Amino acid sequence: MMGAMASVEKEIFVPAKTGASTTLRKGQLLRLTDLDGRQPIDFWAFSQENPWEHLSCEHTKTSIQRLYPVQGDSAYTNYRRPIINLVEDNSPGQHDMESAACDQARYKELGGTADHPNCQDNLHFELKKLGLEIKGVFQPWNLFTNFLLHADGTFTFEAPNTKPGDNLILRAELDCHVVISACPQDITETCAGNPSDILMEVGR
Ligand SMILES: [Zn+2]
(Lines give C-alpha, C1' and ligand atoms only; values in the text may rest on other atoms or scores of the structure.)
Protein backbone atom coordinates (compact mmCIF):
# COMPACT_ATOMS: atom_id res chain seq x y z
CA MET A 1 0.00 0.00 0.00
CA MET A 2 2.77 2.46 0.86
CA GLY A 3 4.70 1.56 -2.31
CA ALA A 4 5.49 4.72 -4.22
CA MET A 5 5.75 7.17 -1.32
CA ALA A 6 8.91 6.60 0.75
CA SER A 7 8.71 9.69 2.97
CA VAL A 8 5.86 11.93 4.11
CA GLU A 9 6.67 15.64 4.51
CA LYS A 10 3.24 17.06 5.27
CA GLU A 11 -0.04 15.58 6.45
CA ILE A 12 -3.36 17.42 6.21
CA PHE A 13 -6.56 16.00 7.71
CA VAL A 14 -9.54 17.16 5.65
CA PRO A 15 -12.81 16.96 7.62
CA ALA A 16 -15.99 15.89 5.81
CA LYS A 17 -17.55 18.58 3.56
CA THR A 18 -14.47 20.86 3.60
CA GLY A 19 -11.61 21.65 1.22
CA ALA A 20 -7.83 21.80 1.46
CA SER A 21 -4.94 22.91 -0.72
CA THR A 22 -1.19 22.65 -1.04
CA THR A 23 1.60 23.48 -3.46
CA LEU A 24 3.70 20.78 -5.09
CA ARG A 25 7.07 20.97 -6.77
CA LYS A 26 7.57 18.89 -9.90
CA GLY A 27 8.27 15.31 -8.78
CA GLN A 28 6.60 15.60 -5.37
CA LEU A 29 3.95 13.03 -4.50
CA LEU A 30 0.47 13.50 -3.09
CA ARG A 31 -1.35 10.62 -1.40
CA LEU A 32 -5.13 10.95 -0.97
CA THR A 33 -6.81 8.46 1.33
CA ASP A 34 -10.53 7.81 1.66
CA LEU A 35 -10.43 7.18 5.43
CA ASP A 36 -13.94 5.77 5.95
CA GLY A 37 -14.70 4.59 2.40
CA ARG A 38 -17.28 5.68 -0.19
CA GLN A 39 -16.09 9.31 -0.17
CA PRO A 40 -15.42 11.10 -3.47
CA ILE A 41 -12.81 13.86 -3.77
CA ASP A 42 -13.07 16.78 -6.17
CA PHE A 43 -9.53 17.57 -7.39
CA TRP A 44 -8.10 20.60 -9.22
CA ALA A 45 -4.51 21.50 -10.20
CA PHE A 46 -3.17 24.87 -11.41
CA SER A 47 0.30 25.61 -12.79
CA GLN A 48 2.34 27.80 -10.43
CA GLU A 49 3.93 29.60 -13.37
CA ASN A 50 0.57 30.56 -14.88
CA PRO A 51 -2.61 29.47 -13.04
CA TRP A 52 -4.63 29.89 -16.23
CA GLU A 53 -2.87 26.69 -17.23
CA HIS A 54 -4.74 24.09 -15.21
CA LEU A 55 -5.83 20.47 -15.20
CA SER A 56 -8.44 20.10 -17.93
CA CYS A 57 -10.63 17.01 -18.01
CA GLU A 58 -11.60 17.72 -21.63
CA HIS A 59 -7.98 17.88 -22.80
CA THR A 60 -7.03 14.85 -20.69
CA LYS A 61 -9.70 12.63 -22.22
CA THR A 62 -8.56 13.54 -25.73
CA SER A 63 -4.90 12.84 -24.92
CA ILE A 64 -5.43 9.49 -23.19
CA GLN A 65 -8.48 8.38 -25.22
CA ARG A 66 -10.27 7.18 -22.10
CA LEU A 67 -13.06 8.69 -19.97
CA TYR A 68 -10.65 9.02 -17.02
CA PRO A 69 -7.00 8.25 -16.21
CA VAL A 70 -5.98 4.86 -14.85
CA GLN A 71 -2.73 3.97 -13.07
CA GLY A 72 0.20 5.21 -15.15
CA ASP A 73 -1.83 7.86 -17.02
CA SER A 74 -1.39 11.60 -16.62
CA ALA A 75 -3.98 14.33 -16.37
CA TYR A 76 -3.26 17.13 -18.87
CA THR A 77 -3.64 20.90 -18.83
CA ASN A 78 -5.57 23.11 -21.19
CA TYR A 79 -2.14 23.64 -22.87
CA ARG A 80 -1.93 19.83 -23.33
CA ARG A 81 0.98 19.29 -20.93
CA PRO A 82 0.93 16.57 -18.24
CA ILE A 83 0.37 18.23 -14.83
CA ILE A 84 -0.37 15.24 -12.57
CA ASN A 85 0.40 11.53 -13.01
CA LEU A 86 -1.62 8.77 -11.35
CA VAL A 87 1.36 6.79 -10.09
CA GLU A 88 -0.38 4.23 -7.93
CA ASP A 89 -4.08 3.43 -7.57
CA ASN A 90 -5.04 1.46 -4.47
CA SER A 91 -8.78 1.80 -5.08
CA PRO A 92 -11.48 0.39 -7.40
CA GLY A 93 -10.32 3.07 -9.83
CA GLN A 94 -13.42 5.08 -10.63
CA HIS A 95 -12.15 8.63 -11.17
CA ASP A 96 -14.85 10.46 -13.12
CA MET A 97 -14.12 13.36 -15.44
CA GLU A 98 -17.71 14.08 -16.55
CA SER A 99 -19.56 15.76 -13.72
CA ALA A 100 -19.26 19.42 -12.65
CA ALA A 101 -18.52 20.28 -9.02
CA CYS A 102 -21.56 20.55 -6.78
CA ASP A 103 -22.55 24.17 -6.12
CA GLN A 104 -25.32 26.28 -4.56
CA ALA A 105 -27.53 25.97 -7.63
CA ARG A 106 -27.19 22.17 -7.69
CA TYR A 107 -28.41 21.84 -4.09
CA LYS A 108 -31.35 24.14 -4.82
CA GLU A 109 -32.12 22.05 -7.92
CA LEU A 110 -32.18 18.94 -5.72
CA GLY A 111 -34.56 20.56 -3.22
CA GLY A 112 -31.89 21.52 -0.69
CA THR A 113 -30.92 24.96 0.55
CA ALA A 114 -28.50 27.41 -1.10
CA ASP A 115 -26.31 27.50 2.03
CA HIS A 116 -25.49 23.78 1.70
CA PRO A 117 -21.68 23.26 1.80
CA ASN A 118 -20.46 22.64 -1.75
CA CYS A 119 -17.29 21.82 -3.71
CA GLN A 120 -17.42 24.98 -5.84
CA ASP A 121 -17.31 27.24 -2.76
CA ASN A 122 -14.61 25.03 -1.19
CA LEU A 123 -12.48 25.50 -4.33
CA HIS A 124 -12.76 29.29 -4.31
CA PHE A 125 -12.13 29.49 -0.55
CA GLU A 126 -8.89 27.51 -1.06
CA LEU A 127 -7.85 29.55 -4.13
CA LYS A 128 -8.16 32.72 -2.04
CA LYS A 129 -5.96 31.13 0.66
CA LEU A 130 -3.38 30.34 -2.02
CA GLY A 131 -3.46 33.99 -3.14
CA LEU A 132 -4.79 33.09 -6.58
CA GLU A 133 -7.16 35.65 -8.05
CA ILE A 134 -8.81 33.38 -10.57
CA LYS A 135 -12.54 33.39 -11.01
CA GLY A 136 -14.26 30.75 -13.06
CA VAL A 137 -15.95 27.39 -13.06
CA PHE A 138 -13.25 24.75 -13.28
CA GLN A 139 -14.13 21.14 -14.06
CA PRO A 140 -12.87 18.93 -11.21
CA TRP A 141 -11.36 15.49 -11.60
CA ASN A 142 -13.76 13.50 -9.43
CA LEU A 143 -11.61 10.92 -7.65
CA PHE A 144 -13.32 7.81 -6.22
CA THR A 145 -16.56 8.90 -7.93
CA ASN A 146 -18.82 6.21 -9.31
CA PHE A 147 -20.40 7.98 -12.25
CA LEU A 148 -21.85 5.00 -14.09
CA LEU A 149 -22.22 5.43 -17.84
CA HIS A 150 -24.73 3.13 -19.55
CA ALA A 151 -24.63 1.83 -23.12
CA ASP A 152 -27.66 3.93 -24.14
CA GLY A 153 -25.88 7.17 -23.19
CA THR A 154 -27.63 7.69 -19.86
CA PHE A 155 -25.77 7.66 -16.57
CA THR A 156 -26.45 7.27 -12.87
CA PHE A 157 -24.66 8.48 -9.75
CA GLU A 158 -23.85 5.36 -7.76
CA ALA A 159 -22.24 5.10 -4.33
CA PRO A 160 -18.46 4.72 -4.63
CA ASN A 161 -16.98 1.23 -4.21
CA THR A 162 -14.04 2.46 -2.11
CA LYS A 163 -13.32 0.78 1.23
CA PRO A 164 -11.81 2.51 4.29
CA GLY A 165 -8.14 3.27 3.60
CA ASP A 166 -8.35 3.07 -0.19
CA ASN A 167 -5.96 5.64 -1.62
CA LEU A 168 -4.11 6.87 -4.64
CA ILE A 169 -0.73 8.46 -5.20
CA LEU A 170 -0.32 11.34 -7.63
CA ARG A 171 2.95 12.89 -8.83
CA ALA A 172 3.31 16.53 -9.87
CA GLU A 173 4.57 16.79 -13.45
CA LEU A 174 4.70 20.61 -13.18
CA ASP A 175 5.17 22.93 -10.18
CA CYS A 176 1.53 23.34 -9.25
CA HIS A 177 -1.12 24.27 -6.70
CA VAL A 178 -3.65 21.56 -5.92
CA VAL A 179 -7.05 21.94 -4.29
CA ILE A 180 -9.29 19.14 -3.06
CA SER A 181 -12.81 19.04 -1.68
CA ALA A 182 -14.29 16.21 0.38
CA CYS A 183 -17.60 16.37 -1.50
CA PRO A 184 -20.54 17.29 0.81
CA GLN A 185 -23.17 15.72 -1.44
CA ASP A 186 -25.71 14.08 0.92
CA ILE A 187 -28.81 14.25 -1.29
CA THR A 188 -27.79 11.93 -4.14
CA GLU A 189 -25.90 8.61 -3.84
CA THR A 190 -22.57 10.28 -4.80
CA CYS A 191 -21.19 9.92 -1.23
CA ALA A 192 -23.48 7.01 -0.29
CA GLY A 193 -25.54 9.58 1.66
CA ASN A 194 -22.80 10.09 4.23
CA PRO A 195 -19.96 12.58 3.47
CA SER A 196 -16.79 11.66 5.38
CA ASP A 197 -13.15 12.65 5.99
CA ILE A 198 -10.10 12.53 3.74
CA LEU A 199 -6.35 12.43 4.48
CA MET A 200 -3.97 14.37 2.22
CA GLU A 201 -0.23 13.70 2.46
CA VAL A 202 2.65 15.32 0.59
CA GLY A 203 5.90 13.43 0.20
CA ARG A 204 8.57 11.93 -2.03
ZN1 LIG B 1 -19.27 18.05 -4.39
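Scroll up to find the structure.
Keep in mind it's a predicted model, so treat the numbers as computed, not measured.

Caption draft 1: Examining helix 3 (residues 119-129) more closely. Looking at helix 3, one finds that the buried residues are Cys119, Asn122, Leu123, Glu126 and Leu127. For helix 3, the buried positions fall inside an angular range of 135° around the axis, keeping them on one side. Against the buried residues of helix 3 lie strand 2 (19-24), strand 4 (41-47) and strand 11 (176-182). In the segment just after helix 3, Gly131 is the residue with positive phi, at about 80°.

Caption draft 2: Spatial organisation of the nonpolar core. If you look at the biggest cluster of nonpolar residues, it comprises 47 residues, and the most contacted ones within it are Ile41, Trp44, Val178 and Ile180. Setting aside residues up to four positions removed in sequence, Val178 forms contacts with Ser21, Thr22, Leu24, Leu30, Phe43, Trp44 and Ala45.

Caption draft 3: The sheet that holds strand 12 (residues 198-203), seen in detail. In space, the six strands of this open sheet follow the order 1-12-3-10-6-5, with antiparallel pairing throughout. At either margin of the open sheet sits one strand with a lone partner, and together these are strand 1 (8-14) and strand 5 (74-76). Pairwise comparison of adjacent strand axes, ignoring direction, gives a mean angle of 20° for this sheet. Relative to strand 6 (residues 82-90), strand 5 runs antiparallel, the two being bridged by three bridges. From the neighbouring strand, Ala75 faces strand 6, where its bridge partner is Ile84.

Caption draft 4: A look at the pairing of strand 6. In sequence, strand 5 turns back onto strand 6 through a hairpin of five residues, with Arg80 there showing a positive phi of about 65°. Sheet topology note: the strand 6/strand 10 (residues 166-172) ladder contains six bridges and is antiparallel. In the strand pairing of strand 10, Asn85 is matched with Arg171.

Caption draft 5: Representation of unusual backbone geometry. In this structure, Gln65 takes a positive phi of about 50° despite not being glycine. Along the polypeptide, Gln65 turns up in the loop between helix 1 (57-64) and strand 5. One non-glycine residue, Arg80, adopts positive backbone phi at about 65°. Examined against the element boundaries, Arg80 turns out to sit in the loop between strand 5 and strand 6.

Caption draft 6: A look at the sheet that holds strand 2. Strand order across the open sheet formed by four strands is 2-11-4-7, with antiparallel pairing between neighbours. The outermost strands of the open sheet, each flanked by one partner alone, are strand 2 and strand 7 (141-143). Along the sheet, successive strands turn relative to each other by an average axial angle of 25°, direction set aside. Where strand 2 and strand 11 come together, six bridges link them in antiparallel fashion. Bridge pairing in strand 11 places Ala20 opposite Ile180.

Caption draft 7: Representation of the environment of Glu189 within the structure. Topologically, Glu189 is positioned in the loop between strand 11 and strand 12. Through-space distance from the C-alpha of Glu189 to that of Thr145 is 10 Å; in sequence the pair is 44 residues apart. What Glu189 contacts, discounting residues up to four positions off in sequence, is Phe157, Glu158 and Ala159.

Parameters at a glance
Residues numbered from 1 in each chain as written. Predicted model: local features only at pLDDT ≥ 70, side-chain atom pairs only at ≥ 80, totals over all residues. Buried ≥ 20, exposed ≤ 12 C-beta atoms within 10 Å, placed from the backbone. Helix = DSSP H or I, 4+ residues; strand = E, 2+ residues; numbered from the N terminus. Arc of directions from axis to C-beta. Contact = placed C-beta atoms within 7 Å. Core = buried A, V, L, I, M, F, W, Y, C linked by C-beta atoms within 7 Å. Pairing = 2+ DSSP bridges. Axes fitted to C-alpha atoms, helices over the stretch in contact; angles between N-to-C directions.

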